[in-house]
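Each chain is listed here by its residues.
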Amino acid sequence: MSSWLGGLGSGLGQSLGQVGGSLASLTGQISNFTKDMLMEGTEEVEELPNARRKEVEAIHTILRSENERLKKLCTDLEEKHEASELQIKQQSMSYRNQLQQKEVEISHLKARQIALQDQLLKLQSAAQSVISGAGGVPATTASPSFGYGLSHHASAFHDDDMDFGDIISSQREINRLSNEVSRLESEVGHWRHIAQTSKAQGSDSSDQSEICKLQNIIKELKQNRSQEIDNHQHEMSVLQNAHQQKLTEITRRHREELSDYEERIEELEDLLQEGGSGIAVTDHSKIHEMQTTIQVLQAEKVESTKKIEELEDKIKGINKKLSSAENDRGVLKKDQERLSVENRQLLEECESLKLECSKLQPYAAKQSDTVTEKERILPHSSSVEEEVFRLQQALSDAENEIKRLSNLNQDNNLAEDNLKLKMHVQVLEKENSLLNQEKEELQISLSKLNNEYEVIKSTAARDMDLDSELCDLRRNLEAKEQELNQSITEKEILIAELEELDKQNQEATKHMILIKDQLSKQENEGDNVISKLKKDLNDEKKRVHQLENDKMNITKELDVQKEKLIQSELVVSDLHLTKQKLEDKVADLVDQLNKLHTKNLNIQKENFELQEHIKQKEEELSRVRDELITQSLLNRDSNSNFKDDLLKEREAEVRNLRQNLSEIEQLNENLKKVAFDLKMENEKLNLACENVRHQLEESIAGNNQISQEKNAIVEALKIEKEQLDAELCRAERRLLEEANKYEQTMEELSNARNLSISALQLDHEHLIKLNQEKDFEIAELKKNIKQMDTDHKETKKILSSSLEEQKQLTQLVNENEIFIEKLKERSSELQEELDKYTQALRKNEILRQTIEEKDRSLGSMKEENNHLKEELERLREQQSRAAPVAEPKTLDSITELESEVNQLNILKDNLKEEIKHHQKIIEDQNQSKIQLLQSLQEQKKEMDEFRYQHEQMNATHTQLFLEKDEEIKNLQKTIEQIKTQLHEERQDVQTENCVIFQETKVQGLNIENGSEKHDLSKAETERLVKGIKERELEIKLLNEKNISLTKQIDQLSRDEVGKLTQIIQQKDLEIQALHARISTASYPQDVVYLQQQLQAYAMEREQVLAVLSEKTRENSHLKTEYHKMMDIVAAKEAALNKLQDENKKLSTRFESSGQDMFRETIQNLSRIIREKDIEIDALSQKCQTLLTVLQTSNTENEVGGVNSNQFEELLQERDKLKQQVKKMEEWKQQVMTTVQNMQHESAQLQEELHQLQAQVLVDSDNNSKLQVNYTGLIQSYEQNETKLKNFGQELAQVQHSIGQLCNTKDLLLGKLDIISPQLSSGSSVTSQSAESLRTIKSDVLSESSKQEIEELRKSLQEKDATIRTLQENNHRLSDSIAASSELERKEHEQTDSEIKQLKEKQDILQMSLKEKDLLIKAKSDQLLSLNENFTNKVNENELLRQAVTNLKERTLILEMDICKLKGENERIIETSREKETEYQALQETNMKFSMMLREKEFECHSLKEKALAFEHLLKEKEQGKTGELNQLLNAVKSMQEKTVIFQQERDQVMLALKQKQMENTAVQNEVQHLRDKELRLNQELERLRNHLLESEDSYTREVLAAEDREAKLRKKVTVLEEKLVSSSNAMENASHQASLQVESLQEQLNVASKQRDETALQLSMSQEQVKQYALSLSNLQMVLEHFQQEEKAMYSAELEKHKQLVAEWKKKAENLEGKLVSLQERLDEANAALDSASRLTEQLDLKEEQIEELKKQNDLRQEMLDDVQKKLMNLVNSTEGKVDKVLMRNLFTGHFHTPKNQRHEVLRLMGSILGIKKEEMEQLLNEDQGGVTKWMTGWLGGGSKSVPNTPLRPNQQSLLNSSFSELFVKFLETESHPSIPPPKLSVHDMKPLDSPGRRKLDTSVPGSFKDTTESRSGRRTDVNPFLAPRSAAVPLINPAGLGPGGPGHLLLKPISDVLPTFTPLPVLPDSSAGVVLKDLLKQ
């Protein structure tokens, strides 16, 4: 700023210096001009006014140009100043906006941090409650630590002295909270695990109690969280306020320091001004002090700038901290989202537990057994069944053997038998234990599977949560990006901020619409998901029922087996008896056992062989798998997933087979054990052969099973081989397809290399744009759909009202049907008539054709007629020529031709009449057609007009809404501005008073009353504070009322305009229909008119009824609104009265502030309210009129009559409605104009403020500079006065010396003749001294003080030297001093006269200085007033800005409050819903109870009746029937007991019902809560469920296939068991065949591997082809590049050629330019050679042309021409005798200077110049006696030809007696006075002799003219400006060498620029000075 101000000052100084120089030059010019005028003579009285006017005009033009230049400088400086101020303002605004944004962000972050902390507290409390509910688990130490942290935090926040360190501590706390969040997450996982374990263990009641506890805990946690949020927000607001206070204090201190410095500067400037007027030259010390103070101030300014930079750095640091805080907030957000997800999961788990409990309550007892048995049966059902079957067979065999052996041996070795039986029982027990172990293992596996399933579920849920978190984070990111964009845009000006707020509103609405669409989509998806879940539930229920049925069947089978076991125990008891019989059969059984053992060994060997075979096959399978894997790696892209699935299936099948093998091996081992036991028994028993046979059969069955398994393996291998073949074929096909695709892609690449990527990019951008446009269209369509929905609802209402009126309309419809039948008859008749008309048209067309043919025939006839006429004329000629013999023939022919002509004429007339008739018919038809077309066009125009009106109405509606919004915003702005003005005027009162007081008191008053003013300002501020508070409250009320009013007005205007437009459209449609009906045809008008009226009135009936219903609603609505408006208006009037009173109080203090704006806003509001009241009244009147019209129309419609009056009334109504719409539009326009005017006024005020600021700054700078210049001038003036005094003293000394010289003169008179040559030298010395004095005195005023002092010193030294020389010469040259003293006296007189002139000039300068002082004072007063205005305006601006910022903060706070209220509303709605559900449940229970009570009352009534009956019976049968009584009493007692039991049961049922209802209500509430949450998670749930369903389907398919296979295998096993004996041979064959098949399979595998190798080779070949294609592509690219290079080379070669050509042309041009230059030089030389004679000849030529033109004119001007010719002749005569003054003066002085001997030659020269002959000269020279007098008289009396040559008179003798100088002066006067006024010349004549402008003109003159001028002017090259006439000495047009301000002197400037030009007098070439000189030279 300092550098900029310095530059400004220097520029202003330069401009002021230029102004001073121009003024000095002006004064010099004026003085010179006055001298010239005095010299020219006293007889130029006629020319004086013109000359003065010229001078004044010249001065005026100069001043104007300088003024304009100064104005330009001022404007430039003002623009610079404004630009700098704008930059400063923008920077300050951006800093303020950034600070506000950061503060708002801090508040948001604080709120979010509080919310996160509350959630953490709730989670902690939930965790603690879970711990307490679980029991036995110790509580963690989280709560105390957290509480400590909170308390510490609060204490930290409550400190008063806030600083940036507090922000760091808050960041640390945020980190600590994040750590606690992670710890709580781990605790949540732990408690989740506990909940899962307790889920399986806990009972129903405990689960319910835990759920209730959890719900209570959750509610408590929510309450705690809300409380802690409030506390934290309070703390953050305290922090924010402290930070804002610190910033405001810093800024306030800075402003105060700046204001102090500014006041100091102003005081110092004032001191400078006061001191400048009264301080002498010697006061340099004060100036030094001022300089030091200025340096100190500059240093302080630098320090303040440094402080500002430090503050900016601090702000940057705060911004960085804020960004870090934002990051922490993001982390906390993520933690919060995780915790919320975990909460949801816990709630879902609780709900799922509830559902499981409710489902498992009836089946809890049974499920443990069923699950275990199910698990055992499902995987191992086959083995269990086989074991059961074998046990049954063994039992049956044992029974048979017991029966047989019971007869044989009974008492043999009982002890041994007991031992064996015990062993058998032990074996059976071991088997049972093994089975139990397998069952337990299966249970464990099942539980593991369940756990895995739950883990999968939890992972899926977590994935869902993560996806939801991702979506939320993306949304947050988008929101943050939007916030960033907003913050960037808010750096601009206030107007831009408002526009961007509008844009943000639009974006927010769009965002809301998008969110609504997303929510609707989510709702639909949630409904779909719910339906799918319901289907899944039903399927699961069905499966549960199936499993229950299976369980029942298994229990039945178990019971049967238990019975069989009991039977076997009985059999064992029988076996003890039959042991003796069995001992005999042991020997036989031993032999058989040995045989069996051998067979078993053989079977085992075969088994081992088969196992080895299977291992080989598995190895081969693994190889095949490896090969397949390699192939799959090659074809992974195509079929990786399919092969993996196949491999998985095969592996599953192999696993199943292995399991079957292991089961068979276990069976074999069991069989071995059984065989060993039987061997031990067979040693003792002899009759066990049948049992052994059965065992043999079982072993054979096992062998058959093994063979079957082998066959199954072989079949599986075959299937695998077939699958491999199929896969190979597919792979080959895919390879071929891929090769084809590669070839196609290569071809496409070769084709597509010509295409460019730019096209693709453009397409991409185009598609993106289309996508965006479609998105916008979708959004618009959605909006339209919503609007359609609303319209649909409205139409439903209208339909409901119209249904009632349809009954009445049905009668009209019946009547209309009758009418329609009549109309149909009429229409048939009309159709017939139309057919007739069409026939007539056809006839007309035929007639037209005939007419055209006849026209053609007529044309041909006319042609023939012409031919005949020509022939007739020829014949007549022939008749005239021919002889009289041929006359009779020609006469006959003529008569015949005449008859033919007559006939033809008759025909022609007939045809003309027919043509006229047809033309009339055609014209009539055309007219009818034109009328129809016109009516159609009119209808079209009307339709177009109505459409246009409709579109205009829509456009105006949209504009109205926008304008209303803008109005609201403007009103809010104005109110905010008023607030801020009042608020900040309070703050700035003290500073304003100080500044104004000091500014006003600086000029002449003492600074004493400041303290009193300060006291007054304090009192005023206290009053203002109260007033402002009251005003703020009232302004808030007004704001709210304004908003409500504007909303109501908008609603009214929208509803009314929409309804009016609808009515107008309906009326227009009716009018159009009527017009169309009227303008159709004239014939069937009545019928069509009636038909149309019927339709129109049917439509009108419906519309009118709908409008009536709407208007009644609107009327009621308007009445209510009118009452509301009246209340609002009354409240507003009261508020206005209060405001007016306060305005009156405050008007005395705040007249300068923005009270005008305040009044205008209040007036506008009142005016708007009045207009709205008037509109409401008008609308109510309209409603009443409409009602009356509708009632009348209803009555008339009911009667059924049709009137033209109704039609007219409808038209009138339409016109009225149109007028009302126009009024509404006018009102809109008025509102628009008012809003625009307000905006324009605000903009203008801002612009005026900027201009005033700039002007004030510029004026202050100018003022300071003028004051500096003024002080400098005063100092220079004082210095000049001192110098003048010194000069006077020096003059006195010189005069004293001259007096001494005069005394010595008398002594030295005798030596005068001797020292005559020395006299000239002495006189020259004295003259030099006088001249030096003159020069010194003349230079004193122009030059600066230092140079003047130096020059004066030099002049003094020179004077001292001259005085010394004079004193030395006094002694030598005393004789010559007598003559020199006279000369010196004359010179002294001249110097005295010059001193007088100088004194006069000084007086003039002093007067001008005084005037300038007055101007400066006036300007300083203006400056002060402008400064005051400027300060006021600046204060107002600052107030407005602060108001805007405060309002922004308030809006943000209100938005936060709104968000909180929305959250609370949602909570309240949820609680209300829960209460409603509870209330409904209670109502249902009440209803049930009431029903139960009624039933019980009914039962009581029945019981009472029965009791009465019993009493009657008792009374009747008392006597003799006591037994019956007892029976009855017993029955009564039993009934009473039953009633008691029933009551107990009823109570139990009621309690159960209550519990169920409570559970239902809780479940319903939780279900509703879940639905809200499930909407978000539905999309990903659907995806996961689809995936799970697909996987389950595949698993179920695999399970079904496996079950089918198992069933088939079981069937085959049963068959093989029956046929084991016969199939032993088949086994060998089968094994042989299997080996053969294995070999064939191996061969096939080899073939497949070969095919695979071939395919691999093909693949490699295809890859090589691909590489070749790529090489070809690269080659093509190389060729393309080569082509491009060649083209570039061609282009470069052509370019070089072009460049060479250009260079050649340039050379030619340069040569031509050189020639031109040389030609121009020659031209210049020729022009320089042009003479004054050539110019004069040109002037004469032009004069001749003018004379010729004048001759051509009228005869009236011939007399004028003669006069002009006479004057020209006089001019020529006068010019011949004229001689230049300078020449004559030189000759005259030369005559006296020459010695007496050579004076005759000079006289001869003079005679030759004057044209005296040699003889006459010699005569004159010979007459020496009276030469002088004769010469003088001849010269003066009759020398000049211009003066008449009169004889001498006596008064001429007196002339001779007068002095020579007087005669010479009179001669000059006569010569200078022109006898004839100068004629006007053209522009060419005014050119100077040697001006470059002339030369330039000559270059532009055509060649012929130039040649003439050159031929005429070829003599003179050098011109003397003294010898030349005035036109040559002073150029008329500006020479090129000198610029616009080149010559300093005004008279040396060109005349065209300065003065109005007057042409010089023409001089003949012979008499010009140049010619005279040349003649002299020749002589």
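Residues numbered from 1 in each chain as written. Predicted model: local features only at pLDDT ≥ 70, side-chain atom pairs only at ≥ 80, totals over all residues. Heavy atoms only, no water.

## Description of the overall build of the protein
Phase 1 of the analysis: A tally of helices and strands in the protein yields 36 helices and zero strands.
Phase 2 of the analysis: The buried share among the 1979 residues of the protein stands at 28%.
Phase 3 of the analysis: Accessible surface, the protein: about 131000 Å² in total, of which carbon and sulfur atoms supply 56%. (Helix = DSSP H or I, 4+ residues; strand = E, 2+ residues; numbered from the N terminus. Buried < 20%, exposed > 50% of the residue type's maximum accessible area, 1.4 Å probe, protein only. Areas by Shrake-Rupley, 256 points an atom, 1.4 Å probe, with all protein chains shown as cover.)

## Points about the side chain of Glu1582
Phase 1 of the analysis: Relative to the helices and strands, Glu1582 resides in helix H22 (residues 1522-1618).
Phase 2 of the analysis: An unpaired buried charge is present at Glu1582: no salt bridge exists, and Lys532, the closest side chain of opposite charge, is 4.8 Å distant.
Phase 3 of the analysis: Those residues in contact with Glu1582, other than ones at most four positions away along the chain, are Glu525, Asn528, Val529 and Lys532. (Lys, Arg positive; Asp, Glu negative; His and termini not counted. Salt bridge = Lys/Arg side-chain N within 4 Å of Asp/Glu carboxyl O. Contact = heavy atoms within 4.5 Å.)

## A look at the pattern of salt bridges
Phase 1 of the analysis: Within the structure shown, the criterion is met by 24 salt bridges.
Phase 2 of the analysis: Between Arg176 and Glu180 there is a salt bridge whose closest N-O contact spans 3.1 Å. Pair noted here: Arg176 and Glu180 are both in helix H4 (residues 164-201), with a separation of four residues, about one helical turn.
Phase 3 of the analysis: For the salt bridge of Glu627 with Arg1652, the shortest nitrogen-to-oxygen distance reads 3.0 Å.

## Concerning the environment of Asn607
Phase 1 of the analysis: Along the chain, Asn607 turns up in helix H10 (residues 586-634).
Phase 2 of the analysis: Taking the C-alpha atoms as reference points, Asn607 and Ile706, 99 residues apart in sequence, are found 8.0 Å from one another.
Phase 3 of the analysis: Not counting the four nearest positions on each side in its chain, Asn607 is found in contact with Asn668 and Ile706.

## Some words on the packing of helix H9 (residues 494-582) against helix H13 (residues 757-881)
Phase 1 of the analysis: Their axes nearest at 11 Å, the elements H9 and H13 cross at an angle of 75 degrees. The orientation of H9 relative to H13 falls into the category roughly perpendicular. Side by side, H9 and H13 meet where Lys510, Ile513, Lys516, Asp517 and Lys521 of the first sit next to Phe776, Lys782, Lys783 and Lys786 of the second.
Phase 2 of the analysis: The residue makeup of the contact of H9 with H13, split by class, is two nonpolar, no polar and seven charged. (Axes fitted to C-alpha atoms, helices over the stretch in contact; angles between N-to-C directions. Parallel < 35°, antiparallel > 145°, perpendicular 65-115°, else oblique. Nonpolar A, V, L, I, M, F, W, Y, C, P; charged D, E, K, R; others polar.)

## A word on a positive patch on the surface
Phase 1 of the analysis: A grouping of Lys510, Lys516, Lys783 and Lys786 is seen on the molecular surface, where their side chains present a positively charged patch.
Phase 2 of the analysis: For Lys510, the location among the structural elements is in helix H9. (Patch = residues over 30% accessible without salt bridge, like charges linked within 9 Å, V, L, I, M, F, W, Y side chains within 5 Å. Charge placed at Lys NZ, Arg CZ, Asp CG, Glu CD.)

## Digging into the environment of Asp725
Phase 1 of the analysis: Residue placement: Asp725 occurs in helix H12 (residues 689-752).
Phase 2 of the analysis: Taking the relative accessible area as the measure of exposure, Asp725 reaches 29% and is therefore partly exposed.
Phase 3 of the analysis: Taking the C-alpha atoms as reference points, Asp725 and Leu1645, 920 residues apart in sequence, are found 9.4 Å from one another.

## Focus: the side chain of Gln1220
Phase 1 of the analysis: Note on placement: Gln1220 falls in helix H18 (residues 1204-1305).
Phase 2 of the analysis: With relative accessibility at 13%, the residue Gln1220 sits in the buried group.
Phase 3 of the analysis: Ignoring sequence-local partners within four residues, the contact set of Gln1220 consists of Leu1060 and Lys1182.

## A few points about the environment of Met1817
Phase 1 of the analysis: Within the secondary structure, Met1817 sits in helix H28 (residues 1814-1822).
Phase 2 of the analysis: Given the relative accessible area of 9%, Met1817 is considered buried.

## Here's the deal with helix H26 (residues 1781-1793)
Phase 1 of the analysis: With 13 residues, H26 extends 18 Å between its outermost C-alpha atoms, agreeing within 8% with the 18 Å of an ideal straight helix rising 1.5 Å per residue.
Phase 2 of the analysis: For H26, the complete set of buried residues consists of Leu1783, Met1784, Leu1787, Phe1788 and His1791. Taken end-on, H26 shows its buried residues confined to a sector of 130 degrees, consistent with a single buried face. (Expected span 1.5 Å × (residues − 1). Arc of directions from axis to C-beta.)

## A word on the packing of aromatic side chains
Phase 1 of the analysis: Tallying each qualifying case throughout the model produces one aromatic pair.
Phase 2 of the analysis: An angle of 85 degrees between the planes, with centres 4.9 Å apart, marks the rings of Phe1788 and Phe1792 as edge-to-face. Remark: Phe1792 and Phe1788 occur in helix H26; sequence separation between them is four residues, near one turn of the helix.
Phase 3 of the analysis: On the accessibility criterion, Phe1788 (18% relative accessible area) is buried. (Phe/Tyr/Trp six-rings, centres within 6.5 Å; stacked < 30°, edge-to-face > 60°.)

## Some remarks on a negative patch on the surface
Phase 1 of the analysis: A contiguous patch of negative charge, built from Glu817, Glu821, Glu825, Glu829, Glu832 and Asp835, is present on the exposed surface.
Phase 2 of the analysis: Mapped onto the secondary structure, Glu832 falls in helix H13.

## Some points on the confidence of the model for the protein
The predicted coordinates of low-pLDDT regions are not to be read in fine detail.
Phase 1 of the analysis: Summary statistics for the protein give a mean pLDDT of 78 and a share of 78% for residues scoring 70 or more.
Phase 2 of the analysis: Per-element confidence in the protein ranges from a low mean pLDDT of 41 for helix H3 (residues 142-157) to a high of 91 for helix H23 (residues 1623-1729).
Phase 3 of the analysis: Contacts from residues 1198-1202, a stretch scored under 50 in pLDDT, to residues over four places away or in other chains number four contacts.
Phase 4 of the analysis: Note on residues 1825-1834: pLDDT is under 50 here. Beyond four places in sequence and across chains, it has ten contacts. (pLDDT = per-residue confidence, 0-100.)

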